[in-house]
Amino acid sequence: MKQRERRPGAKMAAGPSGGRRADARPARPEKTAAKPAPAREARPPAAVPAAIERPLTVRSGERPAERVPVILESTGAGDFHLIDSGNGQKLEQYGPYRIVRPEGQALWQPSLPAHAWEKVDAVFTGDTDEEGTGRWRFPKEAHGETWPLNLLGVDFFGRFTSFRHVGVFPEQIVHWSWMKDQVESAGRPLKVLNLFGYTGVASLVAAAAGAEVTHVDASKKAIGWARENQALGRMEKLPIRWICEDAMKFILREERRGSQYDIILTDPPKFGRGPNGEVWHLFEHLPLMLDICREILSPKAVGLVLTAYSIRASFYSIHELMRETMRGAGGVVESGELVIREAGLDGKTPGRALSTSLFSRWVPK
């Protein structure tokens, strides 16, 4: 739920975090042509080997059909909804807590009166830069670091972190709901790979629906949080592999092994540095990442999902890249933006749509 904000203490992410994600992973918008995409709260950076010897695959055949622009909208789910937004901030409900956090995309004035914004439980203050850290102010009383939440039937912990994220990127609910439906209707166990998986909410949703899940994130802290979420929901027996590793290194090895997955979710950060000097640049490394993901999709794959935060690009950039990557595979590539619609104090009063990120998704039909 950035899933994407930089994750605290994140090592250059090449593996997931939910994580993923330096992380202010809500993280966790997209614009159409030529407008800068909205910034997701910083996520922990992802790590990638400094030099990768694997060349891009030369592909032939027709490009998949396309559906653009596609706006995937959420009005909240479970214990979350967006109450109001404006003046560069957003007012959100996470379970029992009403929270105010920075939101550069909220260019308008708030709809609700000032007193609605003042009666809150937590306010993020300090450095609001994508990579910056800050602190939480608690107007009423001090709160612990974590509190229980539920989305799509999965229990997990919300967290007050120094990177303004709260352990989940709720705009991803639309992807998770889609994935849940695919897993439940497949008639066979699907294998799901969650790259840059953060705190594991997507992985738990997939596993609870019946999938065999591989969750990858380079941050030991994020993996630890994911395991805590698994324990909270009493889901320890579900088939989830928690892999703490650079995502690119992992998928390169999976390609060599001949491993295959039916659904791949990837939510890479814009930029990151690894513990050994590895550097990840989205625009430089994303083509190869998607190329490898294509190679490890199973013959009966049901989807490849990419989410991109905090980049100055149109969704058409990743849309055309996805279509080239999936050349000859048939199916459809649908791309656009993820948005969250304001739902008011009662969670039922539709308001404005707040853009959060760009996405591109390949499906076989």
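Here we summarise the structure given alongside this text.

Definitions and limits used
Residues numbered from 1 in each chain as written. Predicted model: local features only at pLDDT ≥ 70, side-chain atom pairs only at ≥ 80, totals over all residues. Heavy atoms only, no water. Helix = DSSP H or I, 4+ residues; strand = E, 2+ residues; numbered from the N terminus. Buried < 20%, exposed > 50% of the residue type's maximum accessible area, 1.4 Å probe, protein only. Areas by Shrake-Rupley, 256 points an atom, 1.4 Å probe, with all protein chains shown as cover. Expected span 1.5 Å × (residues − 1). Arc of directions from axis to C-beta. Axes fitted to C-alpha atoms, helices over the stretch in contact; angles between N-to-C directions. Parallel < 35°, antiparallel > 145°, perpendicular 65-115°, else oblique. Left-handed = near helix turned anticlockwise from the far one by under 90°. Contact = heavy atoms within 4.5 Å. Nonpolar A, V, L, I, M, F, W, Y, C, P; charged D, E, K, R; others polar. Pairing = 2+ DSSP bridges. Phe/Tyr/Trp six-rings, centres within 6.5 Å; stacked < 30°, edge-to-face > 60°. Lys NZ or Arg CZ within 6 Å of the ring centre and 35° of its normal. Core = buried A, V, L, I, M, F, W, Y, C linked by side-chain atoms within 4.5 Å. Right-handed = clockwise from strand over helix to strand, strands pointing away. Salt bridge = Lys/Arg side-chain N within 4 Å of Asp/Glu carboxyl O.

## Considering the overall build of the protein
Along the protein, the regular secondary structure elements total seven helices and 17 strands. Counting the 365 residues in the protein, one finds 60% classified as buried. Summing over all exposed atoms, the protein offers an accessible surface of approximately 13,800 Å²; the carbon and sulfur share of this is 51%.

## Notes on helix H4 (residues 220-232)
Counted at 1.5 Å a residue, the expected span for H4 with its 13 residues is 18 Å, and the 18 Å between its end C-alpha atoms agrees. Restricting attention to buried positions, one finds in H4 the residues Ala222, Ile223, Trp225, Ala226, Asn229 and Gln230. Each buried residue of H4 sits inside an arc of 160° when the element is viewed along its axis, so together they form one side. Arginine 234 lies just past H4 and shows a positive phi near 50°.

## What about the packing of helix H6 (residues 282-295) against helix H7 (residues 315-325)?
At a minimum axis separation of 10 Å, H6 and H7 run at an interaxial angle of 40°. Relative to H7, H6 is oriented oblique. Of the two possible hands of crossing, H6 and H7 adopt the one that is right-handed. Contact residues: Leu286, Pro287, Leu290, Asp291 and Arg294 in H6; Ile318, Leu321, Met322 and Thr325 in H7. Looking at the contact of H6 with H7, its residues break down into six nonpolar, one polar and two charged.

## Concerning the sheet that holds strand S3 (residues 89-94)
Judged by pairing direction, the sheet is mixed, and its five strands sit side by side in the order S2-S3-S4-S5-S6 without closing on themselves. Single-partner strands in this sheet number two, and they are strand S2 (80-86) and strand S6 (134-137). Between one strand axis and the next, the sheet turns by 25° as a mean value, whatever way the strands run. Looking at chain direction, strand S5 (residues 122-126) and S6 are connected through four bridges and run antiparallel. Bridge assignment links glycine 126 to a residue of S6, and that residue is glycine 134.

## Describing the sheet that holds strand S16 (residues 332-341)
Taken in spatial order, the eight strands line up as S1-S16-S17-S15-S12-S9-S10-S11 in an open sheet, and their pairing is mixed. Across the chains shown, the open sheet's two edge strands, defined by having one partner strand only, are strand S1 (65-74) and strand S11 (240-244). For this sheet, the mean inter-axis angle between neighbouring strands, taken without regard to orientation, is 15°. When strand S12 (residues 263-266) meets strand S15 (residues 303-308), the two strands line up parallel, connected through four bridges. The partner of threonine 266 across the bridge, within S15, is leucine 306. Taken strand by strand, helix H5 (residues 247-257) contacts strand S9 (191-195), strand S10 (212-217) and S11, and its axis lies near 150° from that of S9.

## Details of the packing of aromatic side chains
Summed over all chains, the structure comprises ten aromatic pairs. Judged by centre distance (5.2 Å) and plane angle (75°), the rings of phenylalanine 138 and phenylalanine 160 are edge-to-face. Taken together, the residues phenylalanine 138 in the loop between S6 and strand S7 (146-151) and phenylalanine 160 in the loop between strand S8 (154-159) and helix H2 (173-185) connect sequence positions 22 residues apart. With relative accessibility at 25%, the residue phenylalanine 138 sits in the partly exposed group. Over the aromatic face of tyrosine 261 sits the side chain of lysine 191, whose NZ or CZ is 5.3 Å from the ring centroid.

## Describing the nonpolar core
Counting 47 residues, the largest nonpolar core has Ile99, Trp176, Met179 and Ile263 as its most contacted members. Counting residues per element, this core draws most heavily on helix H3 (residues 201-209), at seven residues. Not counting chain neighbours up to four residues away, the residues in contact with isoleucine 99 comprise Lys90, Leu91, Glu92, Tyr94, Ala122, Trp136, Trp147, Phe160 and Val166. One finds Leu282, Leu304, Leu358 and Trp362 within the second-largest nonpolar core, a separate group that totals 35 residues.

## Topic: the pairing of S11
The sheet contact formed by S10 and S11 spans five bridges and is parallel. Counterpart to threonine 214 in the pairing with S11 is arginine 241. Traced from S10 through H4 to S11, the parallel crossover comes out right-handed.

## Notes on the pattern of salt bridges
This structure, assessed with the given rule, holds 24 salt bridges. The partner of aspartate 291 in a salt bridge is arginine 59, with the nearest N and O atoms 2.8 Å apart. Pair noted here: aspartate 291 is in helix H6 and arginine 59 is in the segment before S1, with a separation of 232 residues, a long-range link. A single burial state applies to aspartate 291 and to arginine 59, both of which are buried.

## Some words on the packing of H5 against H6
Running from amino to carboxyl end, H5 crosses H6 at an angle of 35°, the nearest separation of the two axes being 9 Å. For the pair H5 and H6, the sense of crossing is left-handed. In contact with Ala247, Met248, Ile251, Leu252 and Glu255 of H5, H6 contributes His285, Leu288, Met289, Ile292, Cys293 and Glu295. Grouping the constituent residues of the contact of H5 with H6 by class yields eight nonpolar, one polar and two charged.

## What to know about the environment of proline 148
The topology assignment puts proline 148 in strand S7. For proline 148, a relative accessible area of 53% translates into the label exposed. A C-alpha to C-alpha distance of 9.0 Å links proline 148 and arginine 159, two positions eleven residues apart in sequence. Setting aside residues no more than four positions away along its own chain, proline 148 makes contact with Phe156, Phe157 and Leu232.

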